[in-house]
Amino acid sequence: MSESFVGSRVRVIDSHTGGEPTRVVIEGAPDLGSGSMADRRIRFRDLFDSFRSAVVNEPRGSDVIVGALICEPVDPSCVAGVLFFNNVGPLWMCGHGTIGLGVTLGHLGRIGKGTHRFDTAVGPVTIDYDGANGVSFENVHSYRFAKNMSVDVEGLGMVVGDIAWGGNWFFLVDAASLPASRRRVTDGGATGTFGLGDIEELTDIAWRIRQALEQNGITGADGGEIDHIELFGLPGDPKNHSRNFVLCPGRAYDRSPCGTGTSAKLACLFEDGKLKPGDVWRQESILGSVFEGSVRVEGGKMIPRITGTAHITADATLILDPSDPFRMGIRSQHS
């Protein structure tokens with residue numbers, strides 16, 4: 001693991017998308033060299049993990065922060081290359097982070113209102129930026145890999161869900177299908193939805209499901225690790241279609257409706273014939289923040305489009321003091 005690249009200062013712009021934070025590194029990042037974004041993701045993972053930890057883990061960050069490292073794009077049509085990462089490692093793609101990055105680059109004056117492209121580890125992603133706080137992005141081709149997959153989960157019994165790709169691998173479970181003893185609601189059952197008072201239980205349920213998938217060798221295509229668990233139920237606001245709870249790889253829950261998770265959900269709805277091209281799906285987060293989603297078909301592949309808003313919260317310089325015993329961050333217990 002290389003740390004020789006690390007300077008004493010790293011400039012970042014912080015934002016939140018529907019409550020979920022993004023920290024964009026704009027100065028002081030390591031040079032990841034050339035090659036595809038997927039290759040650079042591997043290099044970042046294998047050689048510069050200490051930098052990842054220093055930026056997003058305590059004492060400068062927290063388990064919930066998602067980082068975005070800007071680099072030169074491979075595709076010349078893209079305005080920037082980006083690698084997303086969290087408290088335990090690099091991500092393939094991040095929807096809320098893409099929205100946050102768009103608003104951050106607008107805040108810096110690097111892009112204006114209009115259409116732009118980002119180069120990511122899963123391929124180019126196109127955004128439409130409204131010049132203020134709103135971003136719509138077309139994600140990569142999303143699809144359902146397996147429907148009604150059963151897994152025996154300790155403390156829950158048999159749990160049935162769908163495996164879908166939305167830029168990350170998801171296992172999607174209807175909360176209403178869980179054992180009655182594990183279906184708490186905050187309003188006594190009037191709406192059947194879940195809320196902030198249920199986070200500890202939802203986290204426990206989702207983490208048990210993820211462990212069971214791993215123990216039983218259940219994966220996405222080509223052995224892809226299913227590292228995101230999405231529980232969904234009725235919305236808190238009748239203007240919306242569904243509420244979700246997404247547990248991310250490092251055991252932190254997504255405060256936003258999750259861009260890749262919403263993409264995976266749209267893929268399942270589309271393949272079930274419940275969502276047609278042009279229809280709008282309003283996905284609600286555990287906080288009540290909303291992403292709007294729709295789909296189109298190109299070359300027989302379903303392409304999701306996600307719309308959300310982000311707000312800048314800080315323009316800061318992280319100081320990496322060589323005498324600090326926690327200079328490179330406090331590693332998550334799940335890393």
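Residues numbered from 1 in each chain as written. Predicted model: local features only at pLDDT ≥ 70, side-chain atom pairs only at ≥ 80, totals over all residues. Heavy atoms only, no water.

Visitor: Can you walk me through the overall build of the protein in this structure?
Guide: Counting secondary structure elements, the protein contains five helices and 15 strands. Against the 2.2 N^0.38 benchmark of 20 Å for 335 residues, the protein shows a C-alpha radius of gyration of 19 Å, consistent with a compact globule. For the protein, the spread of C-alpha atoms along the principal axes amounts to about 55 × 45 × 40 Å. For the protein, with 335 residues in total, the buried portion stands at 55%. Partitioning the intrachain contacts of the protein with sequence separation of at least 6 by distance along the chain shows that 63% fall at a separation of at least 24. Roughly 13,500 Å² of accessible area belongs to the protein as shown, and the carbon and sulfur atoms make up 48% of that amount. Computing the positive centroid from 32 side-chain charges and the negative centroid from 41, the protein places the two 2 Å apart. (Helix = DSSP H or I, 4+ residues; strand = E, 2+ residues; numbered from the N terminus. Rg over C-alpha atoms; globule rule 2.2 N^0.38 Å. Buried < 20%, exposed > 50% of the residue type's maximum accessible area, 1.4 Å probe, protein only. Contact = heavy atoms within 4.5 Å. Areas by Shrake-Rupley, 256 points an atom, 1.4 Å probe, with all protein chains shown as cover. Lys, Arg positive; Asp, Glu negative; His and termini not counted. Charge placed at Lys NZ, Arg CZ, Asp CG, Glu CD.)

Visitor: I tried to follow the packing of helix 1 (residues 37-47) against helix 2 (residues 49-56) on my own but got confused; where do I start?
Guide: The description of two helices packed together rests on the angle between their axes and the distance between the axes. For the pair helix 1 and helix 2, the least separation of the axes is 5 Å and the interaxial angle reads 80°. Between helix 1 and helix 2, the angle is such that the two are roughly perpendicular. Listed contacts from helix 2 to F44, R45 and L47 of helix 1 are D49, F51 and R52. (Axes fitted to C-alpha atoms, helices over the stretch in contact; angles between N-to-C directions. Parallel < 35°, antiparallel > 145°, perpendicular 65-115°, else oblique.)

Visitor: What is the right way to read the pattern of salt bridges from this model?
Guide: Counting across every chain of the model gives 16 salt bridges. For D14, the salt bridge identified is with R23, shortest N-O distance 2.9 Å. The exposure class assigned to D14 is buried, which follows from its relative accessible area of 13%. For R23, a relative accessible area of 7% gives the class buried. Residues D75 and R117 are paired through a salt bridge, measuring 3.2 Å at the closest nitrogen-oxygen approach. (Salt bridge = Lys/Arg side-chain N within 4 Å of Asp/Glu carboxyl O.)

Visitor: Can you walk me through the environment of V173 in this structure?
Guide: If you trace the backbone, V173 turns up in strand 10 (residues 169-174). Once the C-alpha coordinates of V173 and G161 are considered, the two residues, 12 residues apart in sequence, prove to be 4.6 Å apart. Those residues in contact with V173 that lie beyond four places of it in its chain are V159, V160, G161, L178, I209, E230, L231 and F232.

Visitor: Can you walk me through helix 5 (residues 259-271) in this structure?
Guide: Quick reminder: α-helices carry 3.6 residues per turn. Residues three or four places apart thus point the same way. In a regular helix each residue adds 1.5 Å, so 13 residues correspond to 18 Å; helix 5 covers 18 Å between its end C-alpha atoms and thus fits that length. Burial analysis of helix 5 places 11 of its 13 residues in the buried class, the great majority of the element. The positive-phi residue at the C-terminal boundary of helix 5 is G273, with phi of around 75°. (Expected span 1.5 Å × (residues − 1).)

Visitor: Looking at this structure, I do not really get the packing of aromatic side chains. What am I missing?
Guide: Aromatic rings considered in pairs are described by the distance between their centres and by the relative angle of their planes. The full count for this structure, using the stated rule, is five aromatic pairs. Centre to centre, the rings of W165 and W169 are 5.2 Å apart; their planes meet at 55°, and the pair counts as tilted. Judged by relative accessible area, W169 falls into the buried class, the value being 8%. The structure contains a cluster of three or more aromatic residues connected by ring pairs, namely Y143, F145, W165 and W169. The ring of Y253 carries R255 above its face, with NZ or CZ at 3.8 Å from the centroid. The ring centre of F232 lies 3.3 Å from the NZ or CZ of K265, which sits over that ring. (Phe/Tyr/Trp six-rings, centres within 6.5 Å; stacked < 30°, edge-to-face > 60°. Lys NZ or Arg CZ within 6 Å of the ring centre and 35° of its normal.)

Visitor: What is the right way to look at empty space enclosed by the protein in this model?
Guide: In total, this model carries one cavity of 30 Å³ or more according to the counting rule given. Considering only enclosed or pocket space, the largest cavity measures out at about 150 Å³ in volume. In terms of lining residues, the largest cavity is bounded by 21 residues, among which V66, L91, H228, C248 and D254 are the most central. Counting only elements with at least two residues in the lining of the largest cavity, the list comes to helix 3 (95-107) and helix 5. (1 Å grid on protein atoms, 1.4 Å probe; cavity = no way out; pocket = protein on both sides within 12 Å on 5 of 7 lines; lining within 4 Å. Points joined across faces, edges and corners; volume = space filled by probe spheres on them.)

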